[in-house]
Amino acid sequence: MTGSRVVALGHYQPARVLTNDDLAAMVDTSDEWITSRVGIRTRHIGGPGEPVDEMAAYAGAKALAGAGLEPAGIDLVLVATSTAIDRSPSMSARVAARLGMGSPAVMDINVVCSGFTHALATADHAIRAGAAERVLVIGADKMADIADWTDRSTCVLLGDGAGAAVVVADPDDAAGPGIGPVLWGSVPEMGNAVRIEGTPPRFAQEGQSVYRWATTQLPPIARKVCEKAGVAPEDLGAVVLHQANLRIIEPVARKIGAVNAVIARDVVDSGNTSAASIPMALSKLVERGEVHRGAPVLLFGFGGNLSYAGQVIRCP
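Worth saying up front: this structure is predicted, and the values here are computed from it rather than measured. (Residues numbered from 1 in each chain as written. Predicted model: local features only at pLDDT ≥ 70, side-chain atom pairs only at ≥ 80, totals over all residues. Heavy atoms only, no water.)

Overview of the pairing of strand 10 (residues 202-205)
Bridge analysis of strand 9 (residues 194-197) against strand 10 gives four bridges, and the strand direction is antiparallel. Residue pairing for strand 10: Val 194 is matched across the bridge by Gln 205. Here strand 9 folds back onto strand 10, and the loop between the two strands holds four residues, one of which, Gly 198, carries a positive phi near 100 degrees. (Pairing = 2+ DSSP bridges. Helix = DSSP H or I, 4+ residues; strand = E, 2+ residues; numbered from the N terminus.)

Have a look at this one:
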C-alpha cells in the first residue's frame, strides 16, 4: 500500500500585531498577568477585509511553491477550521477558487484545535486508499472574529493565522512512513469545556478543566502515538503540540520524554490560533532550519470537543 509524506509547508499571519500592553488598554489585565499564566506576549489579528479563506490561500500558495507544484496538480483540498461563517461555499472550495485549481475534491474539517492533525490523517488515508495523490492540507482560523473582547480570561489567548502542508503519495517508505499512523479520539462528556456558540458565535472555555485534562491525560496518549510510529520519544527531532498555552505545552512535552527534541513555542508570538497553530509552528521551525530534513516530528493536536489526534511525520 502506498504511503504518504509531507513535502512542503507554508504559513501566513496578518500584519497587525496586538501586544499584551494593547490588551491592557482594552480589558483589566497586564503583560505580567498574561505572560505568567499563558506565556503569550503577542498575537496577530486580521482586519475586517481579511477573511479566513484569504489567509488559508496565502499559506497554501506558499506550501505549493515550496513543493514546486502548480495548483492544478492538487486533487484534494482539506481545510481545518472552526471559524467559517458561511456554510457554503466551503472554506476549501473558496481556497481552491482563489488558487485557480482545476477540479479538486474539497472538504472542510471542524475539530477545532485538533483540526489540522485530523485533516492530515484524512489526507494520508485518502492517499493510501488510492482516492488522491496530491493533497493540500490547511489549518486556518480567525479567532479574533469569535473572541469576547470583554473577557480577559479568553481574549488574551487568541490570534489569527493559517498554516499549510502539501502531502503526496510516497511508494518508497523504506526509511519509515512519511506520515505515521494516527491516534485520535475525544471525551464527549466533557465536550462543553471548549465552546464556540451563539449568534454571533463566541469562544468560551472552562480553563482549569482543559488544563487538568491536557496536562494529565494527554502525555500517555502522545507516547502511544510515538509507539504506533515505532519511534522512541527520545529520538524525536521536534515536538509540535497545539499552541494553546505555554503552561500546557511545556509540562506535556516534558512528560512525553522527548528530551532531545526541539519544542515548538510559537504560542509566545502568535497566541492560540486553533487549527492553524500546528502547521504554522512547524512551518516556522522548518523555515528557520531548526529541524533536520527527515527527522521524526511528533504532531499532536488537542482542544475543542476535548478531542485529540496525533501522528509522527518525517520533517520535509
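Structure shown, so let's carry the discussion forward.
Some words on the pattern of salt bridges
In this structure the tally under the stated criterion is 13 salt bridges. For Asp 86, the salt bridge goes to Arg 94, with nearest N and O atoms at 2.9 Å. Owing to a relative accessible area of 27%, Arg 94 belongs among the partly exposed residues under this scheme. Taken together, the shared-partner salt bridges connect Asp 53, Glu 54 and Arg 98 into one network. (Salt bridge = Lys/Arg side-chain N within 4 Å of Asp/Glu carboxyl O. Buried < 20%, exposed > 50% of the residue type's maximum accessible area, 1.4 Å probe, protein only.)

Here we look at the packing of helix 7 (residues 207-229) against helix 8 (residues 246-256)
When two helices pack together, their arrangement is given by the angle between the helix axes and by the axis-to-axis distance. Contact pair helix 7 / helix 8: the axes reach a minimum separation of 9 Å and the direction vectors enclose 30 degrees. Taken as axis vectors, helix 7 and helix 8 run roughly parallel relative to one another. Helix 7 and helix 8 meet at a crossing whose hand is right-handed. Where helix 7 approaches helix 8, its residues Tyr 211, Ala 214, Thr 215, Pro 219, Ala 222 and Arg 223 are matched on the opposing element by Arg 247, Ile 248, Pro 251, Val 252, Lys 255 and Ile 256. (Axes fitted to C-alpha atoms, helices over the stretch in contact; angles between N-to-C directions. Parallel < 35°, antiparallel > 145°, perpendicular 65-115°, else oblique. Left-handed = near helix turned anticlockwise from the far one by under 90°. Contact = heavy atoms within 4.5 Å.)

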